[in-house]
Amino acid sequence: MTKSMSVRDLTRSGSELYEYDYIDIEDKKAHEYKGVFIPRQYADEVKKFLDEKLLQERTEKLNAIMKFSGMMNGETDGKTIQELKAQKQ
């Protein structure tokens, strides 16, 4: 079950917070979505999910970078990228 509230409503009605799975926070005047409030009972699950997602993204980025590691095999000899490009052409 979900509900939509403004930040003001959220701060005023603390007893209602745990009746819902999550609460959408919106600016009532501008009808603009601001975020989501998750009750304490679901906080650990959400943190675990976000940590796993972050770890997965970092692993993918690292794997993409590692494709290029060792390409030069020590052939740089202190040269700049521009000098290496000119040498390869």
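Criteria and cut-off values
Position labels on residues start from 1 in each chain and follow its written sequence. Given that this is a predicted model, residues contribute local features only at a pLDDT of at least 70 and side-chain atom pairs are listed and counted only at 80 or more, while totals for whole chains, interfaces and linings are drawn from all residues. The side-chain quantities take in all heavy atoms of the structure and omit both hydrogens and water. A run of H or I in DSSP becomes a helix once it reaches four residues, and a run of E becomes a strand once it reaches two; helices and strands are each numbered from the N terminus. A 1.4 Å probe rolled over the protein chains alone gives each residue an accessible area, and that area as a share of the maximum for its type sets the label: buried under 20%, exposed over 50%, partly exposed in between. Only heavy atoms matter for contacts: two residues are in contact if any of them lie within 4.5 Å across the pair. A 1.4 Å probe and the Shrake-Rupley method give the accessible areas. Residues count as covered only by the protein chains that appear here. The patches described consist of residues with a relative accessible area above 30% and no salt bridge, like charges being joined within 9 Å and nonpolar side chains (Val, Leu, Ile, Met, Phe, Trp, Tyr) within 5 Å. The salt bridge definition used is simple: a Lys or Arg side-chain nitrogen within 4 Å of an Asp or Glu carboxyl oxygen. Each polar contact in these results corresponds to two N or O atoms within 3.5 Å; when the atoms are within protein, one needs to be able to donate a hydrogen and the other to accept it, and residues that are neighboring in sequence are counted only if both atoms are side-chain atoms. If DSSP finds at least two bridges between two strands, the strands pair. Angles run from 0 to 180 degrees between N-to-C directions of axes, and those axes are lines fitted to C-alpha atoms, restricted for helices to the stretch in contact. Residues enter a nonpolar core if they are buried and are Ala, Val, Leu, Ile, Met, Phe, Trp, Tyr or Cys, with the set joined through side-chain atoms within 4.5 Å.

1. Examining the overall build of the chain
Within the chain, the regular secondary structure consists of three helices and three strands. Moving toward the C terminus, one meets the helices and strands of the chain in the order β-α-β-β-α-α. The 89 residues of the chain split such that 13% are buried. Here the analysis covers contacts within the chain between residues at least 6 apart in sequence; of these, 3% occur between residues at least 24 apart. Counting every atom, the chain has about 7,800 Å² of accessible surface; 54% of that belongs to carbon and sulfur.

2. Brief notes about a nonpolar patch on the surface
Where nonpolar side chains cluster on the molecular surface, the patch consists of Y22, Y33, V36 and I38 and spans about 360 Å² of accessible area. Structurally, Y22 can be placed in strand β2 (residues 22–27).

3. A word on unusual backbone geometry
Phi at H31 is positive, roughly 50°, even though this residue is not glycine. Among the secondary structure elements, H31 is positioned in the loop between β2 and β3 (32–37). What makes H31 exposed here is its relative accessible area of 65%.

4. Comments concerning the side chain of E26
One can find E26 in strand β2. Within the structure, the side chain of E26 is placed 2.4 Å from the side chain of S4, a separation counted as a polar contact. Apart from the residues within four sequence positions on either side, E26 is in contact with S4, M5, S6, V7, H31, E32, Y33 and K34.

5. A closer look at the pattern of salt bridges
Pairing is possible between side chains of opposite charge, provided their charged atoms come close. In total, this model carries one salt bridge according to the counting rule given. A salt bridge links K34 to E32, with the shortest nitrogen-to-oxygen separation between them at 3.2 Å.

6. Description of the sheet that holds β2
Strand order in the open sheet formed by three strands is β1-β2-β3, with mixed pairing between adjacent strands. The sheet is open, and its two edges are formed by β1 (2–5) and β3, each paired on a single side. Along the sheet, successive strands turn relative to each other by an average axial angle of 25°, direction set aside. With five bridges connecting them, β2 and β3 associate as antiparallel partners. Bridge pairing in β3 links D24 to V36.

7. A word on the nonpolar core
Core analysis: the biggest nonpolar cluster contains six residues, these being M5, L10, L17, Y20, I23 and I25. I25 has contacts with M5, V7, L10, E32, Y33, K34, G35, V36 and F37, leaving out every residue within four places of it along the chain.

8. Considering the environment of D21
Inspection of the secondary structure puts D21 in the loop between α1 (7–12) and β2. Counting along the chain gives 16 residues from D21 to F37, while the straight-line C-alpha distance between them is 9.1 Å. In this structure D21 touches M1, P39 and Y42, once residues within four positions along its chain are discounted. There is a polar contact of 3.0 Å between the side chain of D21 and the side chain of Y42.

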